[in-house]
Amino acid sequence: MRIDIITVVPELLASPLNESILKRAQESGHAEIYVHNLRDYTDDKRRTVDDYPFGGEAGMVMKIEPVYRCIEKLRSERDYDEIIFTSPDGITYNQQEANRLSLMNNIIILCGHYKGIDYRIREHLITREISIGDYVLTGGELAACVIADSVVRIIPGAIGDEASALTDCFQDNLLAPPVYTRPAEFNGWKVPDVLLSGNFAEIEKWQEDQAWSRTKALRPDLIKE
Ligand code: SAH
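Observations concerning the overall build of the chain
Consideration 1: Of the regular secondary structure elements, the chain holds 8 helices and 10 strands.
Consideration 2: Sorting the 225 residues of the chain into buried and exposed places 40% on the buried side.
Consideration 3: Summed over its atoms, the accessible surface of the chain is roughly 13400 Å², and 51% of this surface lies on carbon and sulfur atoms.
Consideration 4: Side-chain charges of the chain comprise 25 positive and 37 negative groups, with the mean position of each set lying 3 Å from the other.

Right, dumping it as structure tokens:
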């Protein structure tokens, strides 16, 4: 899978995309992630990517031309399944959307900045608008990292231990059961006996019960039919 991220602050993306699972997924060829600096698509000396809003509101607005040039260049090289804009008024991101995106070949993520982007970009170039929650960030870069991370880790083969991704929270709309490691007792705090029993049927049943009871207690909205 290939992810192209368009931003005015490429530095913000460097570390999150180049460590841990995302790094390994790129090294093993499961994912390619490219960051494009929008300023490379300007045509003036000052590399201007924003301008004052029509109507005289406060704040600056990202201009159409550099975004258009960058997206058109990418589209001339390959087909894209989705051109995503990160936006607080988009659909709220969740595991189902991550699963859906992980099946795609090529996606673009455009990061907004400043007051926002010229609305015509959203009307004519964007195919999907995604919010990572009901709060406002300074820019779309952190949202793009959240999307890239959550998508890449579920590309088959990317995570190494695939079973692990499938038993995470939200797959099956359930929260994950608790996990423990050695020592079996610390400070008098004990690991549940069943996990030390060696009885795998019992352990599996306990994990399922835990997933259900934790979901019912903490996130009943996930299991309402
Ligand atoms: N004026 C805009 C917010 C601009 S914040 C409004 O009120 O809707 C600047 C940029 O940060 C946005 O264009 C968007 O790309 C990004 N951003 C902010 N909050 C976000 C969120 N919750 N999810 C995804 N992207 C967000």
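Remarks on helix H3 (residues 64-77)
Consideration 1: Its 14 residues give H3 an end-to-end C-alpha distance of 20 Å, which sits within 8% of 20 Å, the value for a rise of 1.5 Å per residue.
Consideration 2: All of the buried residues along H3 are Pro 66, Val 67, Cys 70, Ile 71 and Leu 74. Around the axis of H3, the buried residues are gathered within 120 degrees of arc, so they sit on the same side.
Consideration 3: Each element contacted by the buried residues of H3 is listed here: strand E1 (2-7), strand E2 (32-37), strand E4 (61-62), strand E5 (82-92), strand E6 (106-110) and helix H5 (119-124).

What to know about the sheet that holds strand E7 (residues 116-117)
Consideration 1: With mixed pairing, the 3 strands of this open sheet are ordered in space as E3-E4-E7. At either end of the open sheet lies a strand with only one pairing partner, and these are strand E3 (50-51) and E7.
Consideration 2: In this sheet, E4 lies alongside E3 in antiparallel orientation, the contact comprising 2 bridges. Each bridged residue has a counterpart across the sheet, and for Asp 51 the counterpart in E4 is Val 61.

What about the environment of Glu 19?
Consideration 1: One can find Glu 19 in the loop between helix H1 (11-17) and helix H2 (20-27).
Consideration 2: The spacing of Glu 19 and Arg 75 is 56 residues in sequence and 28 Å in space, taken between C-alpha atoms.

Structural notes on the site of the ligand
Consideration 1: Around the ligand, the structure places 20 residues, and the nearest of them are Thr 86, Lys 115, Gly 133, Tyr 135 and Leu 137.
Consideration 2: A distance of 2.8 Å separates a nitrogen atom of the ligand from a polar atom in the backbone of Lys 115.
Consideration 3: At a separation of 2.8 Å, a nitrogen atom of the ligand approaches a polar backbone atom of Tyr 135.
Consideration 4: When isolated, the ligand has an accessible area of 560 Å², and the protein chains bury 84% of it.
Consideration 5: Looking at the shell around the ligand, the elements that each hand over two or more residues are E5 and strand E8 (128-131).
Consideration 6: Of the residues contributing to the shell around the ligand, the split by class is 9 nonpolar, 10 polar and 1 charged.

A short note on the domain arrangement of the chain
Consideration 1: Domain parsing of the chain yields domain 1 (2-152) and domain 2 (172-222).
Consideration 2: Using C-alpha coordinates to define each centre, domain 1 is positioned 38 Å away from domain 2.

Things to note about the pattern of salt bridges
Consideration 1: Scanning the entire structure with this criterion turns up 16 salt bridges.
Consideration 2: A salt bridge links Arg 78 to Glu 77; its shortest N-O distance comes to 3.4 Å.
Consideration 3: When the shortest N-O distance is used, the salt bridge between Glu 129 and Arg 122 registers 2.7 Å.
Consideration 4: Salt bridges sharing common partners tie together Glu 82, Glu 97, Arg 100 and Arg 128.

Overview of unusual backbone geometry
Only a minority of non-glycine residues have a phi that is not negative, and only a minority of peptide bonds are not trans.
Consideration 1: The omega torsion across Arg 182 and Pro 183 is 5 degrees, close enough to zero to call that bond cis.
Consideration 2: Topologically, Pro 183 is positioned in the loop between helix H7 (162-166) and strand E9 (185-186).
Consideration 3: Non-glycine residue Ser 20 carries a positive phi angle of around 55 degrees.
Consideration 4: Within the element layout of this structure, Ser 20 appears in helix H2.
Consideration 5: Phi is positive for Tyr 114, which is not a glycine, with a value near 60 degrees.
Consideration 6: Counting through the fold element by element, Tyr 114 comes out in the loop between E6 and E7.

Some thoughts on the environment of Lys 205
Consideration 1: Within the secondary structure, Lys 205 is located in helix H8 (residues 200-218).
Consideration 2: For Lys 205, a relative accessible area of 47% translates into the label partly exposed.
Consideration 3: Taking the C-alpha atoms as reference points, Lys 205 and Val 194, separated by 11 residues in sequence, lie 9.9 Å from one another.

Focus: the sheet that holds E5
Consideration 1: Strand order in the open sheet formed by 5 strands is E2-E1-E6-E5-E8, and the pairing between neighbours is parallel. Because the sheet does not close on itself, it has two edges, and the strands there are E2 and E8. Pairs of neighbouring strands in the sheet enclose a mean axial angle of 30 degrees, with direction left out of account.
Consideration 2: Here helix H6 (residues 141-152) sits on the sheet in contact with E1, E2, E5, E6 and E8, set at roughly 175 degrees to E1.

The rules we used
Residues numbered from 1 in each chain as written. Predicted model: local features only at pLDDT ≥ 70, side-chain atom pairs only at ≥ 80, totals over all residues. Heavy atoms only, no water. Helix = DSSP H or I, 4+ residues; strand = E, 2+ residues; numbered from the N terminus. Buried < 20%, exposed > 50% of the residue type's maximum accessible area, 1.4 Å probe, protein only. Areas by Shrake-Rupley, 256 points an atom, 1.4 Å probe, with all protein chains shown as cover. Lys, Arg positive; Asp, Glu negative; His and termini not counted. Charge placed at Lys NZ, Arg CZ, Asp CG, Glu CD. Expected span 1.5 Å × (residues − 1). Arc of directions from axis to C-beta. Contact = heavy atoms within 4.5 Å. Pairing = 2+ DSSP bridges. Near = heavy atom within 4 Å. Polar contact = N/O pair within 3.5 Å; in protein donor to acceptor, adjacent residues only side chain to side chain. Nonpolar A, V, L, I, M, F, W, Y, C, P; charged D, E, K, R; others polar. Domains from an automatic or database assignment. Salt bridge = Lys/Arg side-chain N within 4 Å of Asp/Glu carboxyl O. Axes fitted to C-alpha atoms, helices over the stretch in contact; angles between N-to-C directions.

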